[in-house]
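Report on the structure
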Amino acid sequence: MIDFPRRNITTEKPFRINFVCLGNICRSPTAEGVFQHLVHETGLDLYFEIDSAGTGSWHVGNPANSKSQAVANKHGIKLLSRARKVESSDLEYYDLIVAMDHSNAGDLNSMVVKPEQESKIVLLRDFDPDPDDGAVPDPYYDELEGFQVVFDIIHRSCQNLLAELRKDIK
Ligand code: 4NP
């Protein structure tokens, strides 16, 4: 298991987690919706605060990509977030910043102003039992099948991430 900052998670101090990709319309809204769904399924809503953001600002205010929504809907998951750009305050506010690929992680690392912020930045596929090159591939120019592949990667990685964080729930 990779090293990331851990603490006791309680309803008084929910764990704050922010999923980050480039546009905040495909991968990170999917991760936000999937993680929220898994948390809800296990009755743990009060223990987590979940959001997503993008390192780019092209799509700010937009809903998730229609193909991301279609695949998520097929699995009974609604993607309700609107795109926003990640802010330097996110690195302070959130307990864990989960980047979708190495480029996202690099952009986030360039925003770091304190060492403890750097340790909060992880890759989602650090939690994937089959991590390939460590990146959730960018599906933006793909057909629906590419979005399904991305959904599957995100889903199994989020399951493992939640399994890990549940150990810290008191
Ligand atoms: P995302 O996908 O980072 O998973 O939301 C992308 C969305 C938009 C663009 C690139 C990737 N774009 O270049 O506009």
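For the structure itself, look to the data block above.
**Remarks on the pattern of salt bridges**
- Evaluation of the coordinates by the stated rule reveals 11 salt bridges.
- Residue arginine 27 is joined to aspartate 101 by a salt bridge in which the shortest nitrogen-to-oxygen separation is 2.9 Å. In this pair, arginine 27 sits in helix 1 (residues 27–41) while aspartate 101 sits in the loop between strand 3 (96–99) and helix 4 (102–109), placing the two residues 74 residues apart along the sequence. Neither residue differs from the other here; arginine 27 and aspartate 101 are each classed as buried.
- Arginine 156 is the salt-bridge partner of aspartate 128, the closest N and O atoms lying 2.7 Å from each other. Remark: arginine 156 occurs in helix 6 (residues 144–166) and aspartate 128 occurs in the loop between strand 4 (121–123) and helix 6; sequence separation between them is 28 residues.
- By relative accessible area, aspartate 128 is classed as buried at 5%.
- One salt-bridge network, held together by shared partners, links Arg6, Glu164, Lys167 and Asp168.

**Focus: the pairing of strand 2 (residues 48–54)**
- In terms of burial, strand 2 is a largely internal element, 6 of the 7 residues being buried.
- Across 7 bridges, the pairing between strand 1 (residues 15–21) and strand 2 is parallel. For phenylalanine 19, the partnering residue across the bridge sits in strand 2 and is serine 52.
- Regarding topology, helix 1 serves as the crossover connection from strand 1 to the parallel strand 2, and that connection is right-handed.

**Quick look at the packing of helix 2 (residues 66–74) against helix 6**
- Viewed as axis vectors pointing N to C, helix 2 and helix 6 meet at an angle of 55 degrees, and their least axial separation amounts to 9 Å. Between helix 2 and helix 6, the interaxial angle falls into the category oblique. Every pair of crossing elements has a handedness; the one defined by helix 2 and helix 6 is right-handed. Within the contact between the two elements, helix 2 uses Lys67, Ser68, Ala70, Val71, Ala72 and Lys74 and helix 6 uses Leu144, Phe147, Gln148 and Phe151.
- Residue composition of the contact of helix 2 with helix 6, by class: 6 nonpolar, 2 polar and 2 charged.

**Side note on the sheet that holds strand 3**
- Taken together, 4 strands build an open sheet; the order of strands is 2-1-3-4 and the sheet is parallel. Each edge of the sheet is formed by a strand with only one pairing partner; in this case those strands are strand 2 and strand 4. The mean inter-strand angle of the sheet, taken between neighbouring strand axes irrespective of direction, is 25 degrees.
- One ladder, built from 3 bridges, connects strand 3 with strand 4; its direction is parallel. Its bridge partner being in strand 4, valine 98 is matched across the sheet by valine 122.
- The sheet strands contacting helix 1 are strand 1 and strand 2, and the helix crosses strand 2 at an angle near 170 degrees.

The rules we used
Residues numbered from 1 in each chain as written. Predicted model: local features only at pLDDT ≥ 70, side-chain atom pairs only at ≥ 80, totals over all residues. Heavy atoms only, no water. Salt bridge = Lys/Arg side-chain N within 4 Å of Asp/Glu carboxyl O. Helix = DSSP H or I, 4+ residues; strand = E, 2+ residues; numbered from the N terminus. Buried < 20%, exposed > 50% of the residue type's maximum accessible area, 1.4 Å probe, protein only. Pairing = 2+ DSSP bridges. Right-handed = clockwise from strand over helix to strand, strands pointing away. Axes fitted to C-alpha atoms, helices over the stretch in contact; angles between N-to-C directions. Parallel < 35°, antiparallel > 145°, perpendicular 65-115°, else oblique. Left-handed = near helix turned anticlockwise from the far one by under 90°. Contact = heavy atoms within 4.5 Å. Nonpolar A, V, L, I, M, F, W, Y, C, P; charged D, E, K, R; others polar.

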